[in-house]
Amino acid sequence: MPVASPYAAQLAALPTRTGEVVARGARTRYWDYGPADAPVALVVVHGYRGDHHGLEPVLAQLPGLRIIAPDLPGFGESSPMAAGEHGIPGYAAWLGDFLDALGLRGTVPLLGHSFGSIVVAHALAAGLTTPRLVLVNPISTDPMSGVNGVLARLTRLYYTVGRKLPARAGAAWLGNPLIVRFMSVTLAKTPDARLKRWIHEEHGRYFSGFSDRDTLAEGFDASLSTDVARAAGALTMPTLLIVGSDDMIAPLAGQRALAAQLPDARLVELAGVGHLVHYERPREAAAEIERFLAEGAA
């Protein structure tokens, strides 16, 4: 029997609306949380292979804010962009188009988690503007370097096999539940057995919601192609970084180095959590985000 979400009651009480726009040629589905009559306080961009559900535990802690969460092109309920577009420049352009479609370009704070942090940072480097920036578990160093490089190379082999198989078999390989579970077990750090089981179930439900094998593979290449630090020169706005002390995807040393590069950064380190801050420590993350956004409003 599935484990109930620890955040189910809060999410059920949170007013939620859905919408759809076309951005960069992709039919982009988005979710609009919080008071409908309030100005948009934040637009959030989720991580690779996930969809808007991943950040809902954090959004559930912020019922007084209106927050918009799209599914990235090719993931969740959003259609892909044109073939070959799913690199960082394509995703960055998509984000600008999405904000344009909602009339929010340059006026709303942005949040990126993991892969979403790369998308947001490089969109800003390409000319997008935001008054305030939140990065959760940002990819702050080259994914192919150091200890992470071993895991990245193994993952690259996994995607290479998926590409070489016929399309249907390749999609099945890339969505293999055993591989997804291995990833989830590797990333989850919580000692809470019930929470850990729910995290594994969430990954099982949403981690394979990609549109097709080729889009997924393009996105994987994009995830290894760059990092947030390479866009650091454009991140001059007030920036909040929320990171995990035990993050094996984005190690703490790299997060500290990234924060030191930014002229107006606040680094919040959460002990005992890794790359899944949004699942394991959403209350602490939300409290930091609410405080940071309130400073901007003041």
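Relevant structure appears above.
Computed from a predicted structure; not experimentally measured.

### As for the sheet that holds strand S1 (residues 16-23)
Strand order in the open sheet formed by eight strands is S1-S2-S4-S3-S5-S6-S7-S8, with mixed pairing between adjacent strands. Edge positions in the sheet fall to S1 and strand S8 (265-270), since each of these pairs with one other strand and no more. Averaged over all adjacent pairs, the angle separating strand axes in this sheet is 20°, with direction ignored. Two elements, strand S6 (residues 133-136) and strand S7 (residues 239-244), share four bridges in a ladder whose sense is parallel. Opposite Leu135, over in S7, you have Leu241 as the bridge partner. In this fold helix H3 (residues 88-101) packs onto S1, strand S2 (26-33), strand S3 (40-45), strand S4 (66-70) and strand S5 (110-113), with an angle of close to 120° to the strand it touches most, S1. Across the sheet, helix H12 (residues 282-297) lies against S3, S5, S6, S7 and S8, angled at about 170° from S7, the strand it touches most.

### Considerations on helix H9 (residues 213-225)
Between its first and last C-alpha, H9 extends 18 Å over 13 residues, near the 18 Å set by a 1.5 Å rise per residue. Taken across its 13 residues, H9 has ten buried, putting it largely inside the fold. Among the residues of H9, those classed as buried are Arg213, Thr215, Leu216, Ala217, Glu218, Gly219, Phe220, Ala222, Ser223 and Leu224. Two or three places before Asp214, at the opening of H9, Asp212 has a side-chain oxygen 3.1 Å from that residue's backbone nitrogen.

### Points about the side chain of Arg132
Here Arg132 shows up in the loop between helix H4 (115-125) and S6. Within the structure, Arg132 has its side chain in polar contact with the backbone oxygen of Phe292 (distance 3.0 Å). When neighbours within four sequence positions are excluded, Arg132 is seen to be in contact with Pro109, Leu110, Met237, Pro238, Phe292, Glu295 and Gly296.

### Observations concerning empty space enclosed by the protein
If a probe as big as a water molecule is rolled over the atoms, it shows which places are left empty. Applying the stated criterion across every chain yields a total of one cavity of 30 Å³ or more. Looking at the largest cavity, its volume works out to about 50 Å³. If you trace the largest cavity, you find it lined by Val44, Leu55, Val58, Leu59, Leu111, Val136, Ala285 and Ile289. Those elements that provide at least two residues to the lining of the largest cavity are helix H2 (56-59) and H12. Among the residues making up the lining of the largest cavity, the classes are represented as eight nonpolar, no polar and no charged.

### Quick look at the nonpolar core
Val43, Phe98, Leu99 and Leu110 are the most contacted members of the largest nonpolar core, which totals 54 residues. Not counting residues up to four positions away in its chain, the partners in contact with Phe98 are Val21, Ala23, Thr28, Tyr30, Val43, Ile68 and Pro70. Counting residues in each nonpolar core, the second largest holds 27 residues, with Leu55, Val58, Val134 and Val268 among its members.

### Details of the layout of surface pockets
Empty space within the largest pocket amounts to approximately 1,000 Å³. Taken together, 42 residues form the lining of the largest pocket, with Tyr48, Met183, Leu187, Phe207 and Ile249 sitting closest to its centre. When residues of the lining of the largest pocket are assigned to their parent elements, the largest contribution, eight residues, is made by helix H5 (residues 146-164). Counted by class, the lining of the largest pocket contains 25 nonpolar, 14 polar and three charged residues. For the second largest pocket, the calculated volume is near 220 Å³. Forming the boundary of the second largest pocket are 13 residues, of which Ala41, Pro109, Leu293, Gly296 and Ala297 lie nearest the centre. Every element with two or more residues in the lining of the second largest pocket is listed here: S3 and H12. At five residues, the largest contribution of residues to the lining of the second largest pocket is made by H12. Grouping the amino acids of the lining of the second largest pocket by side-chain chemistry returns nine nonpolar, two polar and two charged.

Conventions and cut-offs
- Residues numbered from 1 in each chain as written.
- Predicted model: local features only at pLDDT ≥ 70, side-chain atom pairs only at ≥ 80, totals over all residues.
- Heavy atoms only, no water.
- Pairing = 2+ DSSP bridges.
- Helix = DSSP H or I, 4+ residues; strand = E, 2+ residues; numbered from the N terminus.
- Axes fitted to C-alpha atoms, helices over the stretch in contact; angles between N-to-C directions.
- Contact = heavy atoms within 4.5 Å.
- Expected span 1.5 Å × (residues − 1).
- Buried < 20%, exposed > 50% of the residue type's maximum accessible area, 1.4 Å probe, protein only.
- Polar contact = N/O pair within 3.5 Å; in protein donor to acceptor, adjacent residues only side chain to side chain.
- 1 Å grid on protein atoms, 1.4 Å probe; cavity = no way out; pocket = protein on both sides within 12 Å on 5 of 7 lines; lining within 4 Å.
- Points joined across faces, edges and corners; volume = space filled by probe spheres on them.
- Nonpolar A, V, L, I, M, F, W, Y, C, P; charged D, E, K, R; others polar.
- Core = buried A, V, L, I, M, F, W, Y, C linked by side-chain atoms within 4.5 Å.

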